[in-house]
Amino acid sequence: GVAKFRLGDKKFAAPLLNRAADSGSGNTAAHARFLLAQLEFERVRFALRPKVLSPALLKAASVNVQSVEGALQKVIDMEQGQWIVGSLYMLGRLQLELARFLSEGQPSEGVTAMQLQQSMSEQVVKVRERAQEYFTRCQKIATERQIFTKFLDGCKRPSSQLVSEADDFLAPSQSREANEQ
């Protein structure tokens, strides 16, 4: 399943990953659950492209975000180091995507841009704060457990390029290199 996922054949990978996720509570199951959550994150990230913010769209966005949060929390609960760090990173990124969606969305009919901005500004600040909490927790856990991955690099620089699971296998973490010096 992992190979198919990394090769981009996510439709074929999903059933294999589901089997692996259901196979137990070890690293392989946590890895599979993480990849399934990443698939869901990608779907929700696409759905969170700025649009006209109708009440129905806001409700759908909330449901989608909660679904990804639940999937990533299950990975965290499995207590498999690398995947805890990766999940906290993804939770932070999810919050940043939600903040962007809320701040860049267009007003629905009958609502002015100023009204929308006023109604969303406090929520956007809270969502960004929640993102930072996830990134901070990610850094704390990674440092305490000495889990130096690309996800940790992403938590340190959340506005940089999106980190994927395969990145750890392609290049060493800058955090790992800094720790070894």
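Here's what I pulled together on the structure shown here.

Definitions and limits used
Residues numbered from 1 in each chain as written. Predicted model: local features only at pLDDT ≥ 70, side-chain atom pairs only at ≥ 80, totals over all residues. Heavy atoms only, no water. Salt bridge = Lys/Arg side-chain N within 4 Å of Asp/Glu carboxyl O. Helix = DSSP H or I, 4+ residues; strand = E, 2+ residues; numbered from the N terminus. Buried < 20%, exposed > 50% of the residue type's maximum accessible area, 1.4 Å probe, protein only. Core = buried A, V, L, I, M, F, W, Y, C linked by side-chain atoms within 4.5 Å. Contact = heavy atoms within 4.5 Å. Axes fitted to C-alpha atoms, helices over the stretch in contact; angles between N-to-C directions. Parallel < 35°, antiparallel > 145°, perpendicular 65-115°, else oblique. Nonpolar A, V, L, I, M, F, W, Y, C, P; charged D, E, K, R; others polar. Expected span 1.5 Å × (residues − 1). Bend = angle between axes of the 7 residues up to and from the residue. Left-handed = near helix turned anticlockwise from the far one by under 90°.

### Topic: the pattern of salt bridges
Right, on to step 1. Taken as a whole and assessed by the stated rule, the structure comprises seven salt bridges.
Right, on to step 2. The salt bridge partner of Glu79 is Arg145, with a shortest N-O separation of 3.2 Å. Here the residue Glu79 occupies a position in the loop between α4 (55-77) and α5 (81-104), and Arg145 occupies one in helix α6 (residues 113-145), the gap between them amounting to 66 residues.
Right, on to step 3. Judged by relative accessible area, which is 49%, Glu79 ranks as partly exposed.
Right, on to step 4. Of the residues examined, Arg145 reaches a relative accessible area of 40% and is grouped as partly exposed.

### Let's talk about the environment of Glu104
Right, on to step 1. Here Glu104 is to be found in helix α5.
Right, on to step 2. You can call Glu104 partly exposed: its relative accessible area is 42%.

### Examining the nonpolar core
Nonpolar side chains tend toward joint burial in soluble globular proteins.
Right, on to step 1. Counting residues in hydrophobic clusters, the biggest one holds 52 residues, and the most contacted among them are Phe34 and Leu88.
Right, on to step 2. The element best represented in this core is α5, accounting for twelve residues.
Right, on to step 3. Setting aside residues up to four positions removed in sequence, Phe34 forms contacts with Leu72, Val75, Trp83, Gly86, Ser87, Met90, Phe151 and Glu165.

### As for the packing of α4 against α5
Right, on to step 1. Relative orientation of the contacting elements α4 and α5 amounts to 170°, with a least axis distance of 9 Å. The angle between α4 and α5 falls in the class roughly antiparallel. Along the contact surface, α4 presents Leu57, Leu58, Ala61, Val65, Val68, Glu69, Leu72, Val75 and Ile76, while α5 presents Trp83, Ile84, Ser87, Leu88, Met90, Leu91, Leu94, Gln95, Leu98, Phe101 and Leu102.
Right, on to step 2. Residues belonging to the contact of α4 with α5 are distributed by class as follows: 17 nonpolar, two polar and one charged.

### So, the side chain of Ser87
Right, on to step 1. Position of Ser87 among the secondary structure elements: in helix α5.
Right, on to step 2. For Ser87, a relative accessible area of 0% corresponds to the buried category.
Right, on to step 3. Other than its neighbours up to four places away in sequence, Ser87 contacts Phe34, Leu72, Val75 and Ile76.

### Description of α6
Right, on to step 1. Between its first and last C-alpha, α6 extends 46 Å over 33 residues, near the 48 Å set by a 1.5 Å rise per residue.
Right, on to step 2. The principal kink in α6, of about 40°, is found at Met120.
Right, on to step 3. Taken residue by residue, α6 has Leu116, Met120, Val124, Val127, Ala131, Tyr134, Phe135, Cys138, Ile141 and Ala142 as its buried positions.
Right, on to step 4. Contacts from the buried residues of α6 go to β1 (52-53), α4, α5, β2 (106-107) and α7 (150-156).
Right, on to step 5. Once α6 finishes, Gln146 follows within two positions and takes phi at roughly 55°, a positive value.

### A look at α4
Right, on to step 1. End to end, α4 covers 33 Å across 23 residues, agreeing with the expected 33 Å (1.5 Å per residue, within 8%).
Right, on to step 2. All of the buried residues along α4 are Ala61, Asn64, Val65, Val68, Leu72, Val75 and Ile76.
Right, on to step 3. After α4 finishes, the residue Glu79 shows a positive phi value of roughly 60°.

### Overview of the packing of α5 against α6
For any two helices packed against each other, the geometry comes down to the angle between their axes and how far apart the axes lie.
Right, on to step 1. The interhelical angle for the contact between α5 and α6, taken along N-to-C directions, is 165°, at an axis separation of 8 Å. One element, α5, and the other, α6, form an angle in the roughly antiparallel class. The hand of the α5/α6 crossing is left-handed.
Right, on to step 2. Residue classes in the contact of α5 with α6 are distributed as 18 nonpolar, four polar and five charged.

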